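This is what each chain is made of:
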Amino acid sequence: MENVSEKSRLAAFLLAFFLGLFGVHRMYVGKVASGAIQLLLTITLIGIFFVSIWVFIDWIFILTGEFKDKEGKLIKNW
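Starting afresh in each chain, residues are numbered from 1 along the sequence in its written order. With pLDDT at 70 or above as the cut-off, local features in this predicted model cover only qualifying residues; side-chain atom pairs require 80 or more to be listed or tallied, and sums for whole chains, interfaces and linings still use all residues. Computation of side-chain values covers all heavy atoms of the structure but excludes hydrogens and water.

Caption draft 1: Spotlight on the packing of aromatic side chains. Aromatic rings from Phe, Tyr and Trp, taking only the six-membered ring of Trp, are treated as a pair when their centres fall within 6.5 Å; an angle between ring planes under 30 degrees marks them as stacked, one over 60 as edge-to-face, and anything in between as tilted. Tallied over the full model, the rule gives six aromatic pairs. The interplanar angle of 20 degrees and the centroid separation of 6.2 Å between the aromatic rings of Phe13 and Phe17 together place this pair among those described as stacked. Linking Phe13 with Phe17, this pair stays in helix α1 (residues 9-19), spanning four residues, or about one helical turn. Judged by centre distance (5.5 Å) and plane angle (70 degrees), the rings of Phe49 and Phe50 are edge-to-face. On the basis of relative accessible area, Phe49 is assigned to the exposed category, the value being 52%. Helix and strand assignments follow DSSP, with helices taken as H or I runs no shorter than four residues and strands as E runs no shorter than two, numbered in order from the N terminus. A simple rule labels every residue: compare its accessible area, found with a 1.4 Å probe on the protein chains alone, to the largest value its type can have, and call it buried under 20%, exposed over 50%, or partly exposed in between.

Right, dumping it as structure tokens:
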């Protein structure tokens, strides 16, 4: 499958679950800019609310296999 990322869905899932507020799961898949934005927003009290929702949505996408890496490839492989 050429449109499937080499990144692990299990790793992305665990990183999102435990360190999602810090954007680590996004940095893992190469989305460094949005991961850094999540990290910076987590510092603020208002931002942490929005990041929590954002991470929850990412978490659902990872579980369903619809999360993509920086190249737009689906992260399907556990």
